[in-house]
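Examination of the molecular architecture
Given next are the chains, with one letter for each unit.
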Amino acid sequence: MSIVRRKTRKVMVGDRAHGFVGIGGDAPVALQTMTSTYTYDIDTTVKQINALHAGGADLVRVAVPDRQDTIALKEIINQVKIPIIADVHFHFERALESIEAGVHKIRLNPGNLKDRPKVEKVIAACKERGIPIRVGANEGGIIERGNKSQRAEEKAALDQDYKGQMTMIMVEKLEEYLRIFADNDFYDVVLSAKSVDPEIVLGAYRECSRRFDFPLHLGVTHAGPPETGRIRSVVALGALLAQGIGDTIRISYAADPIHEVEDGKELLQVLGLRLRTEPELIACPTCGRIEIDLISMMTEVRRRLKEITIPVKVAVMGCVVNGPGECEGSDVSVFAGKGRGVIYVSNNEGVAEQVATVPEAQILDRLFEEVRKFADRVQRGEVKLKNARVDIKPPDPIGELGSGWEKIKGEKMSLPVMKV
Ligand code: SF4
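Below, the structure is looked at part by part. (Residues numbered from 1 in each chain as written. Predicted model: local features only at pLDDT ≥ 70, side-chain atom pairs only at ≥ 80, totals over all residues. Heavy atoms only, no water.)

1. Some remarks on the pattern of salt bridges
Taken as a whole, this structure holds 31 salt bridges when the rule is applied. A salt bridge links R276 to E266, with the shortest nitrogen-to-oxygen separation between them at 3.2 Å. In this pair, R276 is assigned in the loop between α10 (258-270) and β11 (280-283) and E266 in helix α10, connecting sequence segments 10 residues apart. A relative accessible area of 17% means that R276 is categorised as buried. Taking the relative accessible area as the measure of exposure, E266 reaches 36% and is therefore partly exposed. What emerges from the salt-bridge pattern is a single network uniting E172, E175, E207, R210 and R211. (Salt bridge = Lys/Arg side-chain N within 4 Å of Asp/Glu carboxyl O. Helix = DSSP H or I, 4+ residues; strand = E, 2+ residues; numbered from the N terminus. Buried < 20%, exposed > 50% of the residue type's maximum accessible area, 1.4 Å probe, protein only.)

This is how it looks when you write it as structure tokens:
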């Protein structure tokens, strides 16, 4: 089973010096984030962009509220190697200055840049340079604030059914705004319709994917700190991506944006939408059977795995009860218990082979000796990654109950009926 992505137009972001990133079409889902620095502070902004690039971001957006920011933009673009997007609100001049500075994509907000001649000037400048535009509606900025009677009408509709109406207002306003682009024969467009509410996000993007063939930039806006924003973001973005909707994502946290990149990368990797490039750690949650300090051990394993440069899968299990199944596909595993660790490594035939039984104090060092040896064998082409079959018989095997395999083979599987 794999995710079938919705077909969209494709836009290209970047240039030869900064690389090209596709959004939509046949391009993989691109991961983006936004700096939290003042853009006019060139050194700090460049340092953060480079850290986000090294962390795995494909695109980085910067805020350009003032002229001093767009002046700095040229030097920032000269010093980085990743395509840069200018985030423009209220002032169309900032978009024109950013384009002049060499930016690779513009974000316009239809909630605060509505004057048609001004939008047309930005479209014309982008068209001339081949720069795409994201039209990004946000729940917080979409309600009419200038026209009093329209505001009253929208507010009354929202009072009836806030989530449903807000979803439709965002999509309708995008559609209305897109007419300016169509009238100017400009289709190098990415769309977003963000909210802090995952239900509105789900509804808005589903509707956008039904109505438009432009690539979609997914995001839950103002999600808060990672501790609370993570669930909110992953629920909405994960559900949409699993349905094939979404061509670039940004997870938004009130924190160092490197956390947005780390979590966005993990989300795409677990959904099979991005190749894993670094080690993967699985670990049991621990329970009353645990007989070693597994949590401390797992933390140290995670720290030491940073030195490994290939996507080796390492499993750290508290005992042998559920361990074998969980470790299937892991390259190096340890089952701990009674103050000892039993270490398994995937052999050339793809079978997890017991290589050592060591006291608790030696588990970490021995495990990493095996992880390094395994990584070297992968690089020499002697073994394949994530190929291991675990032939370890747990103390309480499935037995007569069966695993369901006979039914699957006979195609007799049916979904269980849940009675509440
Ligand atoms: S692997 Fe063992 S110790 Fe860990 S949660 Fe499962 S049963 Fe408990």
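2. Digging into the site of the ligand
Around the ligand, the surrounding shell holds nine residues, and the nearest of these are C284, T286, C287, R289 and C319. Along the lines of polarity and charge, the residues of the shell around the ligand split into five nonpolar, three polar and one charged. (Near = heavy atom within 4 Å. Nonpolar A, V, L, I, M, F, W, Y, C, P; charged D, E, K, R; others polar.)

3. Some details on the layout of surface pockets
A volume near 920 Å³ is recorded for the largest pocket. The wall of the largest pocket is formed by 24 residues, among which E266, E278, P279, R302 and K306 lie closest to the centre. Of all the secondary structure elements, the ones that give two or more residues to the lining of the largest pocket are α9 (226-242), α10, β11 and α11 (294-305). When residues in the lining of the largest pocket are grouped by element, the largest group, eight residues, is from α10. Among the residues forming the lining of the largest pocket, the class breakdown is nine nonpolar, five polar and 10 charged. (1 Å grid on protein atoms, 1.4 Å probe; cavity = no way out; pocket = protein on both sides within 12 Å on 5 of 7 lines; lining within 4 Å. Points joined across faces, edges and corners; volume = space filled by probe spheres on them.)

4. As for the sheet that holds strand β12 (residues 313-317)
Read across the open sheet, the five strands follow the order β11-β12-β13-β14-β15; overall the sheet is mixed. Each edge of the open sheet is held by one strand with a lone partner, namely β11 and β15 (352-359). Averaged over all pairs of adjacent strands, the angle between their axes in this sheet comes to 15 degrees, without regard to strand direction. Two elements, strand β13 (residues 332-337) and strand β14 (residues 340-346), share six bridges in a ladder whose sense is antiparallel. Paired with G337 across the two strands is R340, which belongs to β14. Relative to the sheet, α11 contacts β11, β12 and β13, its axis offset from that of β12 by approximately 165 degrees. Together, β12, β13, β14 and β15 form the strand contacts of helix α13 (residues 363-379), whose direction differs from that of β14 by roughly 5 degrees. (Pairing = 2+ DSSP bridges. Axes fitted to C-alpha atoms, helices over the stretch in contact; angles between N-to-C directions. Contact = heavy atoms within 4.5 Å.)

5. Overview of the pairing of strand β5 (residues 84-88)
Remark: a regular strand shows side chains that alternate across the two faces of the sheet. Counting buried positions along β5 gives five out of five residues, so the element sits mostly inside the fold. By the alternation rule, side chains of β5 split into I84, A86 and V88 and I85 and D87, which are all buried. Note that strand β4 (residues 59-63) and β5 share four bridges and pair parallel. Bridging from a neighbouring strand, A63 pairs with D87 of β5. Between β4 and its parallel partner β5, the chain crosses via helix α2 (residues 67-79), and the hand of that crossover is right-handed. Alignment of β5 against strand β6 (residues 105-108), held across four bridges, turns out to be parallel. Looking across to β6, one finds that V88 is bridged to L108. Handedness of the β5-helix α3 (residues 92-101)-β6 crossover: right-handed. (Right-handed = clockwise from strand over helix to strand, strands pointing away.)

6. Regarding the packing of α2 against α3
At a minimum axis separation of 8 Å, α2 and α3 run at an interaxial angle of 20 degrees. Taken together, the axes of α2 and α3 lie roughly parallel to each other. Between α2 and α3 the crossing geometry is right-handed. Contacts between α2 and α3 involve R67, T70, L73, K74 and I77 from the former and R94, E97, S98 and A101 from the latter. When its residues are assigned to classes, the contact of α2 with α3 shows three nonpolar, two polar and four charged. (Parallel < 35°, antiparallel > 145°, perpendicular 65-115°, else oblique. Left-handed = near helix turned anticlockwise from the far one by under 90°.)

7. Things to note about the sheet that holds β4
On the basis of which strands lie adjacent, the open sheet formed by eight strands has the order β8-β7-β6-β5-β4-β3-β10-β9 and parallel pairing. Where the open sheet ends on each side, the last strands, each with one partner, are β8 (189-194) and β9 (217-218). Here β6 pairs with strand β7 (residues 133-138) via three bridges, running parallel. Directly across from I106, in β7, lies its bridge partner I133. Most of the contacts of helix α8 (residues 198-211) go to β8, to which it runs at about 150 degrees, and overall it touches β8 and β9.

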